[in-house]
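# Structural characterization, general
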Amino acid sequence: LLISRKIQDQEHIEIDDFLNPPFSLLKEYKGISLDSELEKALKRLTLAKKKKEKVLINGDPDADGITGTSVLVIGLRELGYNVDYDFPTRATEGHGLHPRIIDEAKKDGVSLVLTIDCGTREVKSIEYANQQGIDVIVCDHHRVGKIMPPCHAMLNPYLVEGHNPMKVLAGAGIGLKLIIALYDHLKEELPESLLNDLTGITSLGTISDRMSLLSPHNRIIIKHGIDAINKTNKEGLKALKAICTNHDQPIKPRDIARTIVPRLNAPGRIGNTAAG
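Structure report, in brief. (Residues numbered from 1 in each chain as written. Predicted model: local features only at pLDDT ≥ 70, side-chain atom pairs only at ≥ 80, totals over all residues. Heavy atoms only, no water.)

### Structural notes on the overall build of the protein
- The number of helices and strands found in the protein is 11 helices and five strands.
- Against the 2.2 N^0.38 benchmark of 19 Å for 276 residues, the protein shows a C-alpha radius of gyration of 18 Å, consistent with a compact globule.
- In the protein, which comprises 276 residues, the proportion classed as buried is 51%.
- Taking the intrachain contacts of the protein between residues at least 6 apart in sequence as the baseline, contacts between residues at least 24 apart amount to 67%.
- Accessible surface, the protein: about 13600 Å² in total, of which carbon and sulfur atoms supply 51%.
- The average position of the 36 basic charges and that of the 36 acidic charges among the side chains of the protein differ by 1 Å. (Helix = DSSP H or I, 4+ residues; strand = E, 2+ residues; numbered from the N terminus. Rg over C-alpha atoms; globule rule 2.2 N^0.38 Å. Buried < 20%, exposed > 50% of the residue type's maximum accessible area, 1.4 Å probe, protein only. Contact = heavy atoms within 4.5 Å. Areas by Shrake-Rupley, 256 points an atom, 1.4 Å probe, with all protein chains shown as cover. Lys, Arg positive; Asp, Glu negative; His and termini not counted. Charge placed at Lys NZ, Arg CZ, Asp CG, Glu CD.)

Given below as structure tokens:
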């Protein structure tokens, strides 16, 4: 079946590698942005940890943004960060970093905001955040516009010119790679159980945004992530599985695409994602 679809001819992919992408790819993060931008983001996050700053994650109100937000919040909290999250109300505020979120962050004493699955073109909003004394790190996978926002750092694989396999990652994938990079930067050991949980959540965002599975980076996220979801002890993931599937068989990617993803997308379309 794969040969008939000429998989082996696409980017010199071999069948064995296609079916069994190496696990080491999961922990790779070079290419999620320019090296200089990643370094700036890691140094700013290190400073925030040292100074015990309040950090806010601003996610896009869809399945990729919600799962990406979850990845960042869980990963940062495990490292001891004081972190909270918010989403724009899609019906009235649209997408991205809304001024209302910046105003509330300022009142709460937030000094660092990370966007996820949004922010690349939020020039005015990030300018406003800077005026309020808030630094912004953009974590996004959308194409870069003509004007770069004045963020402290931008993690976006489209900043890297030419061929870059990280360009096929979902927003949640960018968040996962940032957490892995931060653990390395802080010389902390990333617990296997945490990596499993984060990869499982990331697989939901990757499937929801229909990212290319010709990419070995996405294939290992989904292969490892689906295994993690099927073995999870996390009550939230267990509840999603119980609500969205009516069988006791292992969950498959199509179950996620047809049942779980629509339920993750729905809150942002009919109400307030943050209150869901």
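There is more to say after this.
### A closer look at the packing of helix α2 (residues 35–50) against helix α7 (residues 171–185)
- The geometry of α2 relative to α7 is characterised by a closest axis approach of 10 Å and an angle of 65 degrees between their N-to-C directions. As judged from the angle between their axes, α2 and α7 are roughly perpendicular. Handedness of the crossing formed by α2 with α7: right-handed. Between α2 and α7, the residues in contact are Leu38, Glu39, Leu42, Lys43, Leu45 and Thr46 and Leu178, Ala181, Leu182 and His185, respectively.
- Classifying every residue of the contact of α2 with α7 gives six nonpolar, two polar and two charged. (Axes fitted to C-alpha atoms, helices over the stretch in contact; angles between N-to-C directions. Parallel < 35°, antiparallel > 145°, perpendicular 65-115°, else oblique. Left-handed = near helix turned anticlockwise from the far one by under 90°. Nonpolar A, V, L, I, M, F, W, Y, C, P; charged D, E, K, R; others polar.)

### Side note on the sheet that holds strand β5 (residues 153–155)
- The sheet built from five strands is open, its strands ordered β2-β1-β3-β4-β5 with parallel pairing. This sheet does not close on itself; its edge strands, each paired only once, are β2 (82–86) and β5. Between one strand axis and the next, the sheet turns by 20 degrees as a mean value, whatever way the strands run.
- Pairing of strand β1 (residues 54–59) with strand β3 (residues 110–116), which is carried by six bridges, proceeds in the parallel orientation. Bridge pairing in β3 links Ile57 to Leu114.
- Helix-sheet contacts for helix α3 (residues 63–78) involve β1, β2 and β3, and the interaxial angle to β2 is about 170 degrees.
- Strands β3, β4 (135–139) and β5 of the sheet are contacted by α7, whose axis makes an angle of about 130 degrees with β3. (Pairing = 2+ DSSP bridges.)

### Things to note about the packing of aromatic side chains
- Within the structure shown, the criterion is met by one aromatic pair.
- Measuring from ring centre to ring centre gives 6.0 Å for Tyr85 and Phe87, while their planes differ by 65 degrees; the resulting arrangement is edge-to-face.
- Owing to a relative accessible area of 36%, Tyr85 belongs among the partly exposed residues under this scheme. (Phe/Tyr/Trp six-rings, centres within 6.5 Å; stacked < 30°, edge-to-face > 60°.)

### Things to note about the packing of α3 against α7
- At their nearest, the axes of α3 and α7 sit 7 Å apart, and the two run at 15 degrees to each other. Classed by the angle they form, the pair α3 and α7 counts as roughly parallel. Where α3 crosses over α7, the two elements pack in a sense that is right-handed. Contact with α3, carried on its side by Asp64, Thr67, Gly68, Val71, Leu72, Gly75, Leu76 and Glu78, involves Gly171, Ala172, Gly175, Leu176, Leu178, Ile179, Leu182 and Tyr183 of α7 and no other residues of that element.

### Observations regarding the pattern of salt bridges
- For the structure on display, the rule yields eight salt bridges.
- Its salt-bridge partner being Arg44, residue Glu53 comes within 2.8 Å of it at the nearest N-O pair.
- Accessibility expressed as a relative area gives 9% for Glu53, which makes it buried.
- Through salt bridges with shared partners, a single network forms among Arg44, Glu53 and Asp135. (Salt bridge = Lys/Arg side-chain N within 4 Å of Asp/Glu carboxyl O.)

Fair warning: the whole summary comes from geometry, so function is off the table for now.
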